[in-house]
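Chains, contacts and geometry: an overview
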Amino acid sequence: MASALGAQVSVAAPIGAGCYGRSSSAKGNNTVNFCNKSWIGTTLAWERKALKSRHMNKIFSMSVQQASKSKVAVTPLELDNAKEPPLNLYKPKEPYTATIVSVERLVGPKAPGETCHIVIDHGGNVPYWEGQSYGVIPPGENPKKPGSPNTVRLYSIASTRYGDSFDGKTASLCVRRAVYYDPGTGKEDPSKKGICSNFLCDSKPGDKVQITGPAGKIMLLPEDDPNATHIMIATGTGVAPYRGYLRRMFMEDVPTFKFGGLAWLFLGVANTDSLLYDEEFTNYLQQYPDNFRYDKALSREQKNKNGGKMYVQDKIEEYSDEIFKLLDGGAHIYFCGLKGMMPGIQDTLKRVAEQRGESWEQKLSQLKKNKQWHVEVY
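Residues numbered from 1 in each chain as written. Predicted model: local features only at pLDDT ≥ 70, side-chain atom pairs only at ≥ 80, totals over all residues. Heavy atoms only, no water.

1. Concerning helix 9 (residues 360-369)
Buried within helix 9 are the following residues: Trp360, Lys363, Leu364 and Leu367. Down the axis of helix 9, the buried side of the element spans an arc of 100°, and every buried residue falls inside it. Turned more than 90 degrees away from the buried face of helix 9, the exposed residues are Gln362 and Lys369. On its buried face, helix 9 is in contact with helix 7 (320-328), helix 8 (341-355) and strand 17 (373-377). After helix 9 finishes, the residue Lys371 shows a positive phi value of roughly 60°. (Buried < 20%, exposed > 50% of the residue type's maximum accessible area, 1.4 Å probe, protein only. Helix = DSSP H or I, 4+ residues; strand = E, 2+ residues; numbered from the N terminus. Arc of directions from axis to C-beta. Contact = heavy atoms within 4.5 Å.)

If you want it as structure tokens, here you go:
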């Protein structure tokens, strides 16, 4: 996730014959090669900027591979052998020292606030599964406990277990910079800014970062049925785990997981400039129209049926009949984002259930019993 959970919690192979390749240099670095330069036009803004650096040429990823339905080869495939997810390999008293690879702004100039995509090199030493979180310990001492380190902030991981470089050595975080504005003066108060989010967004390539984890099981992607339906609902940086799910479903060539079901993403943000990974998701929509749906709720640009602001729960209501039928058929539904999103969503679902002559309390209880209901809010 990408804000505070208790503290803070913030979710390719050959493209045409011979056009995509992975080779190893004398230093053992993996290199990704592309032979159709026109694909560069489909990358995200931060990718275009990142392409200028030698390292980012290596991890160039995001949506560009979806110019073809061919998928990206990943390694090491042993990461898919484990039967149980890794949990708490590193703890707050003995964190792992990882390295910042890149920090890129994800949002446009008209977005309220700043959200960054942060790639962290863990060297393959802190493996994780899609839907898990890393803990980050910002440098400095805890202002509430002088002499003690800062507390851990949890952030949902926004990449698959293979990372953005497809080699199992990196993890990506989607982090919104937390700032505080004094309600009296309307001015920013730097003394109350989010310690960890600002540390991460201000980081430079090569900086060290203390991480713990991985943590969490509630948002793990169930893979026992590759043809299942997954309904993913996010506000803002809550989209992080879903990016990992979708890359695994549509971008990576994972021999043990061939997705043939339906993934339906609902993303709520303020405006178009606030959309996160939009080009990547749009590419999936174009390449896999039978397996992916993507609906956006832009609260400052769209109106709901009553003329008010369009929030994610309004989009859910718009498609409520279809969503309820999918849930009745065994679909999984996920919620990730600010905890303030849940009351409105729950009210909407309850109202729709009653209109259908159902008891929402009973339905929710059954969804939880069937392990179809997944919530991680902060």
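Further notes follow.
2. What about the packing of helix 8 against helix 9?
For the pair helix 8 and helix 9, the least separation of the axes is 9 Å and the interaxial angle reads 115°. Of the possible angle classes, the one that applies to helix 8 and helix 9 is roughly perpendicular. Residue-level inspection shows Gln346, Leu349, Lys350 and Ala353 of helix 8 in contact with helix 9, the latter providing Trp360, Glu361 and Leu364. (Axes fitted to C-alpha atoms, helices over the stretch in contact; angles between N-to-C directions. Parallel < 35°, antiparallel > 145°, perpendicular 65-115°, else oblique.)

3. Some remarks on the nonpolar core
Judged by nonpolar contacts, the single largest core of 40 residues is most densely connected at Tyr242 and Leu246. Taken together, the elements giving at least two residues each to this core come down to strand 12 (229-235), helix 4 (240-250), strand 14 (262-269), helix 5 (278-287), strand 15 (292-298) and strand 16 (332-337). The element that contributes the greatest number of residues to this core is helix 4, accounting for six residues. Viewed by domain, this core spans two of them, domain 1 (77-215) and domain 2 (229-377), each represented by three or more residues. (Core = buried A, V, L, I, M, F, W, Y, C linked by side-chain atoms within 4.5 Å. Domains from an automatic or database assignment.)

4. So, the pattern of salt bridges
For the structure shown, the criterion picks out 24 salt bridges. For Asp202, the salt bridge is made with Arg177, and the minimal N-O distance between the two is 3.0 Å. One end of the pair, Asp202, is in helix 3 (residues 195-202); the other, Arg177, is in the loop between strand 10 (170-176) and helix 3, with 25 residues separating them in the sequence. Judged by its relative accessible area of 38%, Asp202 is partly exposed. The buried category is assigned to Arg177, whose relative accessible area is 16%. Among the salt bridges present, the one from Lys315 reaches Glu318, with a minimum N-O distance of 3.6 Å. A residue pair is termed a helical-turn pair when its members lie 3 or 4 positions apart in one helix, as Lys315 and Glu318 do in helix 6 (residues 312-318) at three residues. Beyond isolated ion pairs, a larger network of salt bridges with shared partners links Asp80, Glu130, Arg161, Glu223 and Arg248. (Salt bridge = Lys/Arg side-chain N within 4 Å of Asp/Glu carboxyl O.)

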